[in-house]
Amino acid sequence: QVQLVESGGGLVQPGGSLRLSCTASGLSLSDGAVGWVRQVPGKEHEGVACISGGDGTILYKNSVKGRFTISRDNAKNTMYLQMNSLKSEDTAVYYCVTDTLCHPILNPNLYDMDYWGEGTQVTVSS
């Protein structure tokens, strides 16, 4: 019944931009924390960004600060990740996730997420 669907991934050149979307069904994205986790094959999950449900507090991984922006549209039950100044190191599968609190999303190897999307591939290459 609960489903998270990501979209917007693709191939982009270094320095380019991409916007990811996550639309939820079966739950409200405004009730708890939502965010993005990425993974390169063979490596650990890496928390990217999150936004809390209560006061809207936003947290970013240090390596994406100033380049990525997370947002939520409650009317559309959709969250977004605007990615600018993309680097080859940003190449990964990006997953939409939910949890009760925001900070566990930034540490996905220490905490379990409530729900995961299927992921969308982002490839940054020249």
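All figures in this text were calculated on a predicted structure; none of them were measured in a lab.

Draft legend 1. Summary view of the pattern of salt bridges. Enumeration over the complete set of coordinates arrives at 4 salt bridges. For Asp 90, the salt bridge goes to Arg 67, with nearest N and O atoms at 2.8 Å. A residue pair is termed long-range when its members are at least 10 positions apart, and Asp 90 in the loop between β8 (78-83) and β9 (92-99) and Arg 67 in the loop between β6 (58-60) and β7 (68-73) qualify at 23 residues. For Asp 90, a relative accessible area of 2% translates into the label buried. It is possible to trace a salt-bridge network through shared partners that takes in Arg 38, Glu 46, Lys 61, Arg 67 and Asp 90.

Draft legend 2. The environment of Thr 120, seen in detail. Looking at the element boundaries, Thr 120 is found in strand β11 (residues 120-124). Using a relative accessible area of 11% as the deciding quantity, one classes Thr 120 as buried. Separated by 63 residues in the primary sequence, Thr 120 and Thr 57 place their C-alpha atoms 25 Å from one another. Each residue touching Thr 120, except ones within four places of it in the same chain, is listed here: Glu 6, Ser 7, Gly 8, Gly 9, Leu 20, Ala 92, Val 93 and Tyr 94. Polar contacts involving the side chain of Thr 120 include one to the main-chain amide nitrogen of Gly 9, which spans 3.2 Å.

Draft legend 3. Representation of unusual backbone geometry in the model. In this structure, Asn 77 is a non-glycine residue whose phi angle is positive, near 50 degrees. With respect to the secondary-structure elements, Asn 77 resides in the loop between β7 and β8. Classification of Asn 77 as buried rests on a relative accessible area of 17%.

Draft legend 4. Highlighting the packing of aromatic side chains. Summed over the entire model, instances satisfying the criterion amount to 1 aromatic pair. Residues Tyr 95 and Trp 116 carry aromatic rings whose centres are separated by 5.5 Å and whose planes lie at 80 degrees to one another, so their mutual orientation is edge-to-face. Taken together, the residues span a long stretch of sequence, with Tyr 95 in strand β9 and Trp 116 in strand β10 (residues 115-116) at a distance of 21 residues.

About the criteria used
Residues numbered from 1 in each chain as written. Predicted model: local features only at pLDDT ≥ 70, side-chain atom pairs only at ≥ 80, totals over all residues. Heavy atoms only, no water. Salt bridge = Lys/Arg side-chain N within 4 Å of Asp/Glu carboxyl O. Helix = DSSP H or I, 4+ residues; strand = E, 2+ residues; numbered from the N terminus. Buried < 20%, exposed > 50% of the residue type's maximum accessible area, 1.4 Å probe, protein only. Contact = heavy atoms within 4.5 Å. Polar contact = N/O pair within 3.5 Å; in protein donor to acceptor, adjacent residues only side chain to side chain. Phe/Tyr/Trp six-rings, centres within 6.5 Å; stacked < 30°, edge-to-face > 60°.

The values are spatial; any link to function lies outside them.
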